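# Observations on the three-dimensional arrangement
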Amino acid sequence: MAGLAASFGSGAMTNSIGDLGMADVILVVGSNTTEAHPIIGIELKRAARLGKRIIVVDPRRIRLVDHADQWLQIEAGTNVALLNAMMRVILDEGLADESFIEKRTEGFDGLRTVLAEYAPEIVSEIIGVSAQEIRAAARAYASADAAAIVYCMGVTQHESGTAQVRSLANLAMLTGNMGRPGTGVNPLRGQNNVQGACDMACLPGNLPGYARVDDDADRARFEKAWGTKLSSKCGLTLTEAMDAAADGEVRAMYIMGENPVLSDPDQAHVIEALEKLDFLVVQDLFMTETAALADVVLPGAAFVEKDGTFTNTERRVQRVRAVVPSPGDARSDLRIITEISSVLGYPMSYADPSQVMAEIAEVTPSYGGITYERLDTGGLQWPCLTETHSGTPILHAESFTRGRGVFAPVEYVPPSDTVDGEYPFVLTTGRELWNFHTNTLTERSAGLADLNPVAHVEVNPIDAERLGVCDDDWIEVSSRQGAVSVQVRVSDRPKRGLLFMPFHFRAAPANRLTSTRRDPIAKIPGLKYNSVSVRPCEAPTTDG
């Protein structure tokens, strides 16, 4: 991971969203873009209309397939095998960018050694896609003057998530598709300000700007700026914190704007962990399933009720302005945090959010040139180092963060949650267009709620016939973690043997079925691959 992090930094898009239209080929892996990121989906559909070639890699027929030139319907969890096979083809056919490799990278010989075992004919048996299709995708990507990669949680939410991201980075460097318009490795963030939250240290091992908590020099810089001593100990990721709470090692939690009872894996484990806490504070807009378990609920302000900034997935910092007052006792996050901090003994006093941005610019070099005055005329993409710097639309144009990009070869490892006679199906979870995240907001919007109101599970027609179920029938989906009764939607979108279930609905919580197995490096849970069993059942009874 060190080589990847040093080469690619924060996990943000390397290029701008609008830059996708400059690509000749766009490889979309594990991203249901038109439903989970509809604005970026519009850009992809526009690119298709302009004659750009789109290649979709997904075990489920997402809507973007209708606009794609090629769809690789691989078996769930086999991205690494596919990408290694594509790179093997690129090497065998002399399509690698040897100049880029020589001048801008290191570790290439290690990659070449690993790829020797990934002939398309061998990989075809693993991924369920023909060798011919693998070769066609590899040739299209490598032969393009400019080729971009777009990926999302269908890559990262696996036990092998880090390996999958490394493979995508290897592919981009192998072909020289970095640092130019229409190229890059472009992850799509899960919510609107995830990038900004990560930039500002909402990660267990980081200080703002991805400085390290456990680096003495980094820590000293912030200690001087803030006038206080900081811990050198890295914290816990969310799933690690839930484990620690269940074990009694974490005794209190403060949860802001998150609903882990519905969004985190193994719902029973999450509820057990939260109920074991001595003290739980939840700060949110509505009484969520998580807030219902809290000792104290702090009513927060919505985005239209407060001033501040969001940083989106392309690293663009943009102003947010209050247009309506907050109802009742709701307060802005800034006011709540500063008042709590002052009570706990570290006074914070800001006249308005612009002073916070001024402090961010002072301590975070990549934000050094960003001010509210500049943002009033439009967004800026970091790195923006000085007030005369125009921002950085494309990362790694001349060099990577560490100088040379490091090839990080990885082997394909099958998911550990294996399909067997007891659990013969694979369940994957995700989002749908009309529902956002845990439905806290969209279920309260009558127009949106009416468009997709009922929890369901997509079942391939062949599987449905074998199970003896039709549309709107009820089935019980069971895993090693729990069971959920849910209505059937017979669809040819999922591959045979694959079930798809949106995680939005409290009535049939998909994450009651998912496990806490996670990537050993990034600690992200493997929500996209869970073995399950299925049986027909009666509709659940309701009271009253």
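An order of β16-β20-β17-β19-β18-β21 is seen for the 6 strands of this closed barrel, with the pairing classed as mixed. Neighbour-to-neighbour, the strand axes of this sheet turn through a mean angle of 45°, independent of strand direction. For strand β16 (residues 425-430) and strand β21 (residues 530-536), the ladder comprises 3 bridges, and the chain directions are antiparallel. Bridge assignment links Phe425 to a residue of β21, and that residue is Val532.

Further remarks concern the confidence of the model for the protein chain. In this model, the protein chain carries an average pLDDT of 94, and 98% of its residues clear a pLDDT of 70 or more. Per-residue pLDDT stays below 50 along residues 1-9; that stretch engages in 27 contacts with residues further than four places along the chain or on separate chains.

This brings us to the pattern of salt bridges. In total, this model carries 30 salt bridges according to the counting rule given. The partner of Glu458 in a salt bridge is Arg60, with the nearest N and O atoms 2.8 Å apart. One end of the pair, Glu458, is in strand β17 (residues 456-459); the other, Arg60, is in the loop between β2 (53-57) and β3 (70-72), and 398 residues separate them in sequence. Looking at Glu458, the relative accessible area reads 2%, which means it is buried. Where Glu106 meets Arg402, a salt bridge forms, and the shortest distance between an N and an O atom there is 3.4 Å. Of this pair, Glu106 sits in strand β4 (residues 105-106) while Arg402 sits in the loop between β14 (380-381) and β15 (405-406), and the two are 296 residues apart along the sequence. Judged by relative accessible area, Glu106 falls into the partly exposed class, the value being 34%. For Arg402, a relative accessible area of 40% translates into the label partly exposed. Taken together, the salt bridges that share partners define one network made up of Glu35, Arg60, Arg63, Glu458 and Arg493.

We now examine the packing of aromatic side chains. One pass over the structure, following the stated rule, counts 3 aromatic pairs. Here Phe100 and Phe400 contribute two aromatic rings whose centre-to-centre distance is 6.4 Å and whose plane-to-plane angle is 85°, an arrangement assigned as edge-to-face. Note that Phe100 is positioned in helix α5 (residues 98-104) and Phe400 in the loop between β14 and β15, a separation of 300 residues in sequence. Like Phe100, the residue Phe400 is buried in the burial classification. Where Phe108 meets Phe407, the ring centres are 5.8 Å apart and the plane angle is 55°; that geometry is what we call tilted. Taken together, the residues span a long stretch of sequence, with Phe108 in helix α6 (residues 108-115) and Phe407 in the loop between β15 and β16 at a distance of 299 residues. Each member of the pair, Phe108 as well as Phe407, carries the same accessibility label: buried. Directly above the ring of Phe400 sits Arg104, whose terminal nitrogen or CZ lies 4.8 Å from the centroid. One Lys or Arg, Arg315, reaches over the ring of Trp382 and ends 5.8 Å from the middle of that ring.

Conventions adopted
- Residues numbered from 1 in each chain as written.
- Predicted model: local features only at pLDDT ≥ 70, side-chain atom pairs only at ≥ 80, totals over all residues.
- Heavy atoms only, no water.
- Pairing = 2+ DSSP bridges.
- Helix = DSSP H or I, 4+ residues; strand = E, 2+ residues; numbered from the N terminus.
- Axes fitted to C-alpha atoms, helices over the stretch in contact; angles between N-to-C directions.
- pLDDT = per-residue confidence, 0-100.
- Contact = heavy atoms within 4.5 Å.
- Salt bridge = Lys/Arg side-chain N within 4 Å of Asp/Glu carboxyl O.
- Buried < 20%, exposed > 50% of the residue type's maximum accessible area, 1.4 Å probe, protein only.
- Phe/Tyr/Trp six-rings, centres within 6.5 Å; stacked < 30°, edge-to-face > 60°.
- Lys NZ or Arg CZ within 6 Å of the ring centre and 35° of its normal.

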